[in-house]
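Here are the chains, one letter per residue:
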Amino acid sequence: MAESSSISSNGTGSPADTAEVADAAHAAGTGTLADPLADIGVIGGSGFYSFLDDVTEVTVETPYGSPSDSLFVGEIAGRKVAFLPRHGRGHHLPPARINYRANLWALRSVGVRQVLAPCAVGGLREEYGPGTLLVPDQLVDRTKSRVQTYYDGEALADGSVPQVVHMSFADPYCPAGRRTAVTAARGQNWEPVDGGTLVVIEGPRFSTRAESRWHAAQGWSIVGMTGHPEAVLARELALCYTSIALVTDLDAGAETGEGVSHEEVLRVFAENIGRLRPVLFDAVAALPETGKRDCLCASALDGMDTGITLP
Ligand SMILES: [Zn+2]
């Protein structure tokens, strides 16, 4: 990681900012705005990019503060990918303290329009044991304290004021991204569960047995702590967003032992990251070209007056 550059993005789209971004892109040696730094984002841990030969570290500031970490930009199968460690290097950010708004804004500001989001989850059914891969098609938000919109009427530093908008979120995930992820998993002989509901809890604690049994009784499939508001903020920026969930444990209600432990989650995730990486990489290679997106995500903001200019 010899190269690094810095980008400040205030969302005004003014010529000065554009030049700054373009300059940073040139400095990084990877492109210009017309030829973006990256068009695919992966929000996950360092295990997904640390072995790439050529990775450029790009620091991005946003109107919403700093993202969890630098973006690490590399290339997979000719596609330019920006990796962002969701919890920061060294995993120092608990789920509720992740700056989800800055993370998605930072990705968009370097050109990203499609996001793959691997995450560790608990299984709510016995058949979804450790090592299960699930590509959810629904989510339930049980978080409590997280900002989940950009369009909150709070003026940005440049004076523009985001107008309140109400996004369609009936289908929270990108259908094209989901299909691509499922196909990529099958191609790696890892039959995924195609669809299911991710319930996102506040954390950082795991569920009680009663909560876990209640989640399962609702028919929900898996439980995690980071899938929201990540998904809705992506939609608010007209980004495609696909969650790829790796089950690391049976949640408290579905298992008979002492309940989930953090060590267990980390161990199972580490054991499976070698399997997950090629799935992600195949998915990256197979995602539609940015200009050829025809999903609901790409047109999420059509006809809406948001009051601000997206990067
Ligand atoms: Zn999409």
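Definitions and cut-offs
- Residues numbered from 1 in each chain as written.
- Predicted model: local features only at pLDDT ≥ 70, side-chain atom pairs only at ≥ 80, totals over all residues.
- UniProt positions renumbered as here; feature names shortened; annotations may be inferred.
- Helix = DSSP H or I, 4+ residues; strand = E, 2+ residues; numbered from the N terminus.
- Expected span 1.5 Å × (residues − 1).
- Buried ≥ 20, exposed ≤ 12 C-beta atoms within 10 Å, placed from the backbone.
- Core = buried A, V, L, I, M, F, W, Y, C linked by C-beta atoms within 7 Å.
- Contact = placed C-beta atoms within 7 Å.

By the naming in an unreviewed UniProt entry, the protein goes by Purine nucleoside phosphorylase and is assigned to Streptomyces zingiberis. In its Pathway (unreviewed entry) section, the UniProt entry covering the protein states "Purine metabolism; purine nucleoside salvage." As recorded by UniProt, the Function (unreviewed entry) comment attached to the protein reads in full: "Purine nucleoside phosphorylase involved in purine salvage."

Visitor: Is there a simple way to explain helix H3 (residues 175-187) in this structure?
Guide: Given 3.6 residues per turn, any residue in an α-helix points the same way as the ones three and four places further on. Over its 13 residues, H3 runs 18 Å from end to end, which matches the ideal 18 Å to within 8%, given 1.5 Å per residue. Among all positions of H3, only Ala 176, Gly 177, Arg 178, Thr 180, Ala 181, Val 182, Ala 184 and Ala 185 are buried. Positioned one or two residues after H3, Asn 189 has a phi angle of 55 degrees, which is positive.

Visitor: Looking at this structure, how should I read the nonpolar core?
Guide: Side chains of a nonpolar character, in soluble globular proteins, are inclined to be buried together. Counting 77 residues, the largest nonpolar core has Leu 71, Ala 82, Val 115 and Tyr 241 as the members making the most contacts within it. Sort the elements by how many residues they give to this core and helix H6 (residues 262-286) lands first, with 7 residues. The residues touching Ala 82, leaving out its near neighbours within four places in the chain, are Leu 37, Ala 38, Gly 41, Leu 71, Val 73, Leu 107, Val 110 and Val 112.

Visitor: Could you clarify how one ought to interpret the environment of Gly 177 in this entry?
Guide: By secondary structure assignment, the location of Gly 177 is in helix H3. Using a count of 28 C-beta atoms within 10 Å as the deciding quantity, one classes Gly 177 as buried. Here the alpha-carbon distance between Gly 177 and Pro 288, two residues 111 residues apart in the chain, equals 8.5 Å. Apart from the residues lying within four places of it in its own chain, the contact partners of Gly 177 are Gln 114, Leu 116, Cys 240, Tyr 241, Thr 242 and Leu 287.

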